[in-house]
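For reference, the chains in residue letters:
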Amino acid sequence: MIGMADAFSASYRAARVKFLEAAATAGLRIASHTHPLPGVEGETLALDTALDWPASKGRAQRLLIVSSACHGIEGYCGSGVQVFALHDAEWRAAAHEAGVAVLYLHALNPHGFSFGRRVTHENVDLNRNFQDFSRPLPANPDYAALHPLLLPAHWPPDAENQAAIDGWIATHGLGAFQAAVSRGQHQFPDGLFFGGTAPTWSNRTVRSVLREHGAGMARIAWIDLHTGLGPSGVGERIFACRDDAAALARARAWWGSGVTSIYDGSSTSAFLTGLMWGSVYEECPQAEYTGIALEYGTEPVPEVMTALRGDHWLHLHPEASPELARAIRARTRAAFYTETDIWKGQIVSQARQAMFEAVRGLAD
């Protein structure tokens, strides 16, 4: 075993080493999909996969996917969960006995993980990028109205800028502000939650992995690990399927009646477009699919949003002073990774429970 806190890392580079070493020690089948660009330290970036399924058992019919770093910097959390799971003999034995193969996807967005950003190297929010780009893309006029306020000429924002945003929130509500900003937009490539105008490298790579490992699977479950919404250390289980009553009932039977949904307004997340899990239906159409995003809280939404604005502002202003750049990066990191042993323990224990529940659900 490994201590819960010891499963986490201080950088993408260290997290990748821990993951690959743990997977190799466990004898898993590993594959590395190398990113075209180097990391912040010049290191190789990759979406690494590890399949936990004994070859002696033949081909599995049930698959659980556990993924990290869809939103790069959130990979600190997800990687810690994955590394701990690879050291957890009880967990691994339970999955094997239930006839469930477990596929770990480490660092879906390795560039964002390495550089401490939520977005890909294309400045795209990966979880808004799974669109049909041959058709008209969703419009977000509310974001268009807010865009100039979100990224002002100077940082930190002045009183006039803050007053304008406060005024918008006072008129429309904090929930409407969160929805307008985070839903996804395809109009401003330099803006927040940009969904892109074409599939990103990570999008294409995820689809390739799903085709390889999901082919022939009768049932697929997916737990995608995130941070940044909700009370600190609490893992909200957000329904991550199409708006389908049978799938929602199945998710709540597996993971509890507290599973929330963006479709009925019960989630802390707004309704979003271009979500990654949509790719399962397209790449593995034969499978019954059930998934959740396990979203762990860090700081209040307004503070997280301000941190994101600062990150995007810094990306647009490389001339910023070193002191300001360091402060913005530290603020962004704190918004998505709480570096305390208590928080890390909460993360691992809740993820472990959700993984056991997924295996039992798949096996039924």
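Above this text you will find the structure in question.
Here we summarise the structure given alongside this text. Along each chain, residues carry numbers from 1 onward, in the same order as the chain's sequence is written. Residues qualify for local features only when their pLDDT is at least 70, as the model is predicted, and side-chain atom pairs are given and counted only at 80 or more; totals for whole chains, interfaces and linings, by contrast, use all residues. The basis for every side-chain value is the complete set of non-hydrogen atoms in the structure, without hydrogens or water.

Moving on, we get to the overall build of the protein. Per the convention used, a helix needs a DSSP run of H or I reaching at least four residues, while a strand needs a run of E reaching at least two, with both numbered from the N terminus. The helix and strand tally for the protein stands at 13 helices and 7 strands. Atoms counted for the radius of gyration: C-alpha only. Globule rule: 2.2 Å times the number of residues to the power 0.38. Compactness check: the protein gives a C-alpha radius of gyration of 20 Å against a globular reference of 21 Å for 364 residues, within 12% of the reference. Taken over the C-alpha atoms alone, the protein extends approximately 65 × 45 × 40 Å along its principal axes. Residues counted as buried form 58% of the 364 residues belonging to the protein. Long-range pairs, those at least 24 residues apart, make up 80% of the contacts in the protein with a sequence separation of at least 6. Only the protein chains shown count as covering a residue, and every accessible area follows the Shrake-Rupley method with a 1.4 Å probe. When the accessible area of the protein is evaluated, it comes to approximately 14,200 Å², of which 55% is carbon and sulfur surface. When charges are counted, Lys and Arg are positive and Asp and Glu negative, with His and the chain ends excluded. Working definition for charges: the position is that of NZ of Lys, CZ of Arg, CG of Asp or CD of Glu. The centroid of the 29 positive side-chain charges in the protein is displaced by 6 Å from the centroid of its 37 negative side-chain charges. Buried means the residue's accessible area, taken with a 1.4 Å probe over protein chains only, is under 20% of the maximum for its type, while exposed means over 50%, and partly exposed covers the values in between. We call two residues contacting when some pair of their heavy atoms lies within 4.5 Å.

The rule is short: rings of Phe, Tyr and Trp, with Trp giving its six-membered ring, pair when the centres are within 6.5 Å, and they are stacked under 30 degrees, edge-to-face over 60, tilted in between. Taken as a whole, this structure holds 13 aromatic pairs when the rule is applied. Taken together, a centroid distance of 5.8 Å and an interplanar angle of 55° make the contact between Y143 and F188 tilted. Of the two residues, Y143 is situated in helix α5 (residues 141-150) and F188 in the loop between α7 (174-182) and α8 (201-214); the sequence distance between them amounts to 45 residues. The residues Y143 and F188 share a single accessibility class, namely buried. Here the aromatic cluster, defined as three or more aromatic residues joined through ring pairs, consists of F8, Y12, Y76, F113, Y337 and W343. Should the NZ of a Lys or the CZ of an Arg lie within 6 Å of a ring centre and within 35 degrees of the ring normal, that charge is described as sitting over the ring. Above the plane of the ring of Y281 lies R242, whose end atom (NZ or CZ) is 3.9 Å from the centre. The ring of Y76 has R333 lying over it, and the distance from NZ or CZ to the ring centre is 4.5 Å.

Remark: nonpolar core denotes a set of buried residues (Ala, Val, Leu, Ile, Met, Phe, Trp, Tyr, Cys) joined through side-chain atoms within 4.5 Å. Counting residues in hydrophobic clusters, the biggest one holds 113 residues, and the most contacted among them are L64, W91, Y104 and I223. Counting residues per element, this core draws most heavily on helix α13 (residues 341-363), at 10 residues. Here W91 is in contact with L64, A85, V102, Y104, R352, M355, F356 and V359, once residues within four sequence places are set aside.

Between two packed helices, what matters for the description is the angle formed by their axes and the separation of those axes. Orientation is described by lines fitted to C-alpha atoms, with helices fitted over the stretch in contact, and by angles between N-to-C directions that extend from 0 to 180 degrees. Running from N to C, α5 and α7 point in directions that differ by 90°, and their axes come no closer than 9 Å. Comparing the axis directions of α5 and α7 gives the class roughly perpendicular. Of the residues in α7, those in contact with D142, Y143, L146 and L150 of α5 are F177, A180 and V181. When residues are sorted by character, Ala, Val, Leu, Ile, Met, Phe, Trp, Tyr, Cys and Pro go into the nonpolar class, Asp, Glu, Lys and Arg into the charged class, and all the rest, Gly among them, into the polar class. Residue composition of the contact of α5 with α7, by class: 6 nonpolar, no polar and 1 charged. Convention used here: angles under 35 degrees read as roughly parallel, angles over 145 as roughly antiparallel, angles from 65 to 115 as roughly perpendicular, and any remaining angle as oblique.

Put simply, W155 and P156 share a cis peptide bond, and its omega is 5°. Within the secondary structure layout, P156 lies in the loop between α5 and α6 (159-172). You will see that A69, though not glycine, has its phi angle at about 60°, which is positive. Structurally, A69 is set in the loop between β3 (62-67) and α2 (75-87). The phi torsion at A107 lies on the positive side, around 70°, for a residue other than glycine. Inspection of the secondary structure puts A107 in the loop between β4 (100-106) and α4 (110-115).

The subject of this paragraph is the sheet that holds β3. Whether two strands pair comes down to DSSP finding at least two bridges between them. Pairing is mixed across the open sheet formed by 7 strands, whose spatial order is β1-β2-β4-β3-β5-β7-β6. Both outer strands of the open sheet, β1 (29-34) and β6 (235-239), are each paired with one neighbouring strand and no more. If you compare each strand with its neighbour and ignore which way they point, the axes differ by 20° on average. As paired strands, strand β2 (residues 46-52) and β4 are joined by 5 bridges and run antiparallel to one another. Looking across to β4, one finds that D48 is bridged to H106. Sheet strands in contact with α13 are β3, β4, β5 (219-232), β6 and β7 (288-297), and its direction is about 155° off that of β5.

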